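# Observations on the three-dimensional arrangement
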Amino acid sequence: MKYGVPRAGLIAAVFFFALDQVIKWLVVGPLGLAMEGDERAVLPIFTLRNLHNHGVSLGFLRVAPENSWMLVVLTGVIAGAVLVWMWREKNRQDQVALGMIAGGALGNILDRVRLGFVQDYADLHFGAWSPFLTFNLADAAITIGVLILLARALLVRDKPKDEPGEVENSNA
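## Thoughts on the pattern of salt bridges
Under the criterion given, the structure shown has five salt bridges. For lysine 24, the salt bridge identified is with aspartate 20, shortest N-O distance 2.8 Å. Placement of both lysine 24 and aspartate 20 in helix 1 (residues 7-28) is noted, with a separation of four residues, approximately one turn of the helix. Overall, the relative accessible area of 4% leaves lysine 24 in the buried class. According to the relative accessible area criterion, aspartate 20 is buried, its value standing at 0%. Several salt bridges converge on common partners, so that one network encompasses Asp20, Lys24 and Asp111.

Take a look at the structure:
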């Protein structure tokens, strides 16, 4: 079976990967949050914070830095599976969602390979209450991509296309 190039998905993957890396560079470079724990309030509900994530998603299952290669392999396998799925997917919206997931995963993989941890920086909070742990654009792209896939799978029914060779009956 021949598959077409999932242009929309590839564009989404490259866009989110690149934007994630640029924002991480801005936070630890030009914005001056070079040391872990450095922070800068941007809005009353949003703070930029330099946080080194040595765990899996959202800091869960923390691993020692010398064992971060295991997370690189695990997330690499998952990212590879997502890319294969994206390549086989015919629906453009699903391709974009899968591209968001792949781009975010690849951004976090690059961090782990280069730095030994994932660079997180976004802290959304309402007073002392934080509905999320500190995250980054890659995490957000992955989460939103998964939510799009779930919403489409649960709520959207694509219309079946007419089978080739079917003739519409106009005498009915």
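## Description of the pairing of strand 3 (residues 118-124)
In terms of residue burial, strand 3 counts as a mostly covered element, since six of its seven residues are buried. Here strand 2 (residues 46-53) runs beside strand 3; their pairing, made up of six bridges, is antiparallel. Residue pairing across strands places leucine 51 opposite aspartate 120, the latter belonging to strand 3.

## Describing the environment of phenylalanine 117
By secondary structure assignment, the location of phenylalanine 117 is in the loop between helix 3 (92-115) and strand 3. We classify phenylalanine 117 as buried; its relative accessible area is 11%. For the pair phenylalanine 117 and asparagine 53, spaced 64 residues apart in sequence, the C-alpha separation works out to 5.4 Å. Not counting residues within four places of it along the chain, the set of residues in contact with phenylalanine 117 comprises His52, Asn53, His54, Asp111 and Arg112.

Thresholds applied
- Residues numbered from 1 in each chain as written.
- Predicted model: local features only at pLDDT ≥ 70, side-chain atom pairs only at ≥ 80, totals over all residues.
- Heavy atoms only, no water.
- Salt bridge = Lys/Arg side-chain N within 4 Å of Asp/Glu carboxyl O.
- Helix = DSSP H or I, 4+ residues; strand = E, 2+ residues; numbered from the N terminus.
- Buried < 20%, exposed > 50% of the residue type's maximum accessible area, 1.4 Å probe, protein only.
- Pairing = 2+ DSSP bridges.
- Contact = heavy atoms within 4.5 Å.

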